[in-house]
Amino acid sequence: MKKIAVVGTGYVGLVTGVCLSDIGHDVTCVDIDEQKVEKMKKGISPIYEPGLDELMKKNIKNGRLHFTTSHKEAFKDAEVIYIAVGTPQKEDGSADLQFVEQAAKDIAENIERDGVVVVTKSTVPVGTNDKVRTWIKQHLKKDIHFDVVSNPEFLREGSAIYDTFHGDRIVIGADNERAASIIEEVNKPFGIPIFKTDIHSAEMIKYASNAFLATKISFINEIANICEKVGANIEDVAYGMGLDTRIGPQFLRAGIGYGGSCFPKDTKALVQIAGDVDHKFDLLEAVINVNNKQQVKLVEKARNRFGSLQGKKVALLGLAFKPNTDDMREAASIVIAKELVKDGAFVVAYDPIAMENAKCVIDDEIMYANSIEEALRDADIAMIVTEWDEIKNLPLDTFVRFMKTPVVFDGRNCYALEEVAKHNVEYHSIGRESILRNVVSI
Ligand SMILES: NC(=O)c1ccc[n+]([C@@H]2O[C@H](COP(=O)([O-])OP(=O)(O)OC[C@H]3O[C@@H](n4cnc5c(N)ncnc54)[C@H](O)[C@@H]3O)[C@@H](O)[C@H]2O)c1
Ligand SMILES: O=c1ccn([C@@H]2O[C@H](COP(=O)(O)OP(=O)(O)O[C@H]3O[C@H](CO)[C@@H](O)[C@H](O)[C@H]3O)[C@@H](O)[C@H]2O)c(=O)[nH]1
C-alpha cells in the first residue's frame, strides 16, 4: 500500500485516484477547482461516468480516498504523485503544457518526502517528462531526490472504471529500475499486463495508439463513403474485414467520425510533434481531413435531399461525442448544429445526459427538448448523432408518429435496414443504401 497524490480530478485523475484507492492505496486527489472538490468530498462525482459515484462513496467511507484544494496537504507524505491535468490543444494544434508546468511547480514547492516518484498520466508530447524533471528541479525548495515516470492512460470515457480494471496493458516509461518497479508495484493489484520501456517510447506509445485508432475510423469511413456509391453495405464489409484476426473487428464502426477530448487533439499534436523534427506526417493529416468532412456528412446528405434546409425543423438526437458520457469536447453535434443554423434550419436537440454541458458549448440559437418525442414532434428531419441506448432502441414507428415527415439521417447506423424496410420511414445512413419509401416531402 502506498501513499499517493493525484493532481487534477478530471476524467483521468478522478478515475485513477478512485481506482487506486479501491485496490488498497491511500489516495489524496488535489484540484484547484474549489466547487469540484466540495462536491467530491461529499462523494458526488463532478463528471458523469458509470459506476464512479458508487466507487467514490465506498472508498471515502473506508478512509482511503481524500480530496483537497491544498497541494501542500496532498503531497505531505506522498510516495507517488500522479500528474493528470489537462493538455488541451493550442491554436496551432500543438499540446498546451501550461497546466503540466504549473503542476510541476506545485509539486516542487510542496514535496517533502525523499525518493518521491512523479508519474505523468496526462498525454504529453515526447520529451515532456524531461521538461517536468527540469521544472521540478528549478522550483524545488529543499534538496529532495525524486524520479519522473511516464505512465500514459488508455481509458475510454463512458467505460473508464471498467477499462482501469480490465485494460489491455499498463505502460511504464522510466529511466531507472527503482522508479519503474515502484510504479509496477502500485499497479500490480489491477492484474493487467505491464510493459516497461524508456520514457520517450512510453510517451510515443500513447500518441501512436490514438493516431492508429483514429486512422482505423477514418479508413472505414472512407470505405463507407465509397460503399454508398458502389452499392455495397459497410456493415457487412466491416464485419467481413474484421473476421481477419490481423485486422480485428474493433474500431471499424463507420459513422460521422471521431470526436471527444482525445483523438482530435492528439492526432493534431502528433502532426506537430512530427513537424518539429521535420517529418511531414501525410497519413495522419489525411486522417484528420477525412474526419473533418465526415462530421458534416448528415448535413450534406440532408442538403442533397431537400435542396434547402431553410425553415426545416431538425431534431438532433444525441449531443455527447459518444454514448455514456456528458463530455461535449469536439462532439460532432457542435459542428452539425452550426451548419444547420447557418442553413436557416430550426434545431431542437435532445441528449439524455449531456444537455447542460451542450448549452455551454453550442453557441448557436437552438432549442432543447426534454425527451426524444418532444424533439421529434412536427419535425421535418431527424438526425441521429450519438448512439445512446435510448436512441438506438427507439421503436421506428416513433418517427412516424411524431414527425411531420419521417425522414431520418442516421449518423451511427443504429437500425438494421431490414427493420427500417418494415416501416414507413425514409432512412439515410452511412455506407448503406438509402430507403426512400412513401414519404412525401413538403
Ligand atoms: N479524458 C480521457 O478520456 C483521457 C484518456 C486518456 C488520457 N487523457 C489525458 O489525460 C489528461 C487529463 O484529461 P482529462 O480529460 O481528465 O482533463 P480535464 O480537463 O477533465 O481535467 C483536468 C483537471 O485538472 C485540474 N487542474 C489543472 N491544473 C491543476 C493544478 N495545478 N493542480 C490541481 N489541479 C489542476 C483542473 O481543474 C481539472 O479539474 C489529458 O492530458 C488528456 O489528454 C484523457
Ligand atoms: O469504431 C468506432 C469507434 C469509435 N468511434 C468514435 O471515436 C470517438 C472516440 O471513441 P472512444 O475511443 O470509444 O472514446 P474516448 O473516450 O475518446 O477514448 C479514446 O481516447 C482516450 C483518450 O486518449 C484513450 O485513452 C482511449 O484509449 C481511446 O479509445 C467517438 O466519437 C466515437 O463515436 C467511431 O466513430 N467508430
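Residues numbered from 1 in each chain as written. Chains lettered and ligands numbered in written order. Predicted model: local features only at pLDDT ≥ 70, side-chain atom pairs only at ≥ 80, totals over all residues. Heavy atoms only, no water.

**Student:** Would you take a moment to explain empty space enclosed by the protein for this structure?
**Tutor:** Leftover empty space is mapped by rolling, across the atoms, a probe with the size of a water molecule. A full pass over the atoms with the stated rule returns three cavities of 30 Å³ or more. Considering only enclosed or pocket space, the largest cavity measures out at about 40 Å³ in volume. Forming the boundary of the largest cavity are Thr 120, Ser 122, Thr 123, Val 124, Asn 129, Ser 150, Pro 152, Ala 202, Glu 203 and Lys 206. A per-element tally of the lining of the largest cavity places helix α9 (residues 199-230) first, with three residues. (1 Å grid on protein atoms, 1.4 Å probe; cavity = no way out; pocket = protein on both sides within 12 Å on 5 of 7 lines; lining within 4 Å. Points joined across faces, edges and corners; volume = space filled by probe spheres on them. Helix = DSSP H or I, 4+ residues; strand = E, 2+ residues; numbered from the N terminus.)

**Student:** Got a minute to help me understand the sheet that holds strand β9 (residues 313-317) in this structure?
**Tutor:** The strands making up a sheet associate through backbone hydrogen bonding, with each pair oriented either parallel or antiparallel. Taken in spatial order, the six strands of this open sheet run β11-β10-β9-β12-β13-β14, and their pairing is parallel. Among the strands making up the open sheet, the edge pair consists of β11 (367-368) and β14 (426-428). Across four bridges, strand β12 (residues 381-384) lies against strand β13 (residues 407-410) in parallel orientation. Within the sheet, the bridge partner assigned to Met 383 lies in β13 and is Phe 409. (Pairing = 2+ DSSP bridges.)

**Student:** How should I be thinking about the layout of surface pockets in this particular structure?
**Tutor:** Empty space within the second largest pocket amounts to approximately 240 Å³. Looking at the second largest pocket, it is lined by 14 residues, and the ones nearest its centre are Pro 125, Val 126, Lys 131, Ile 273 and Asp 276. Secondary-structure elements contributing two or more residues to the lining of the second largest pocket are α6 (128-139) and α11 (263-276). A class-by-class count of the residues in the lining of the second largest pocket yields seven nonpolar, four polar and three charged. Counting the residues that make up the lining of the second largest pocket, at least three belong to each of domain 1 (3-197) and domain 2 (206-288). (Nonpolar A, V, L, I, M, F, W, Y, C, P; charged D, E, K, R; others polar. Domains from an automatic or database assignment.)

**Student:** What's the story with the UniProt feature "domain: UDP-glucose/GDP-mannose dehydrogenase C-terminal" (unreviewed entry) in the chain in this structure? I'm lost.
**Tutor:** Under the feature "domain: UDP-glucose/GDP-mannose dehydrogenase C-terminal" (unreviewed entry), the UniProt entry names residues 315-417. Along residues 315-417 one finds 33% helix and 17% strand; the C-alpha atoms at either end are 21 Å apart. (UniProt positions renumbered as here; feature names shortened; annotations may be inferred.)

**Student:** I'm lost on the pairing of strand β10 (residues 346-350) in this one. Help?
**Tutor:** Each regular strand displays side chains that alternate between the two surfaces of the sheet. Taking burial as the measure, the five residues of β10 include four buried ones, the bulk of the element. Bridge analysis of β9 against β10 gives five bridges, and the strand direction is parallel. Counterpart to Lys 313 in the pairing with β10 is Phe 346. One crossover worth recording links β9 to the parallel β10 by way of helix α14 (residues 332-342), and it is right-handed. Two elements, β10 and β11, share two bridges in a ladder whose sense is parallel. Directly across from Ala 349, in β11, lies its bridge partner Tyr 368. Of the crossover connections in this fold, the one passing from β10 over helix α15 (residues 355-361) to the parallel β11 is right-handed. (Buried < 20%, exposed > 50% of the residue type's maximum accessible area, 1.4 Å probe, protein only. Right-handed = clockwise from strand over helix to strand, strands pointing away.)

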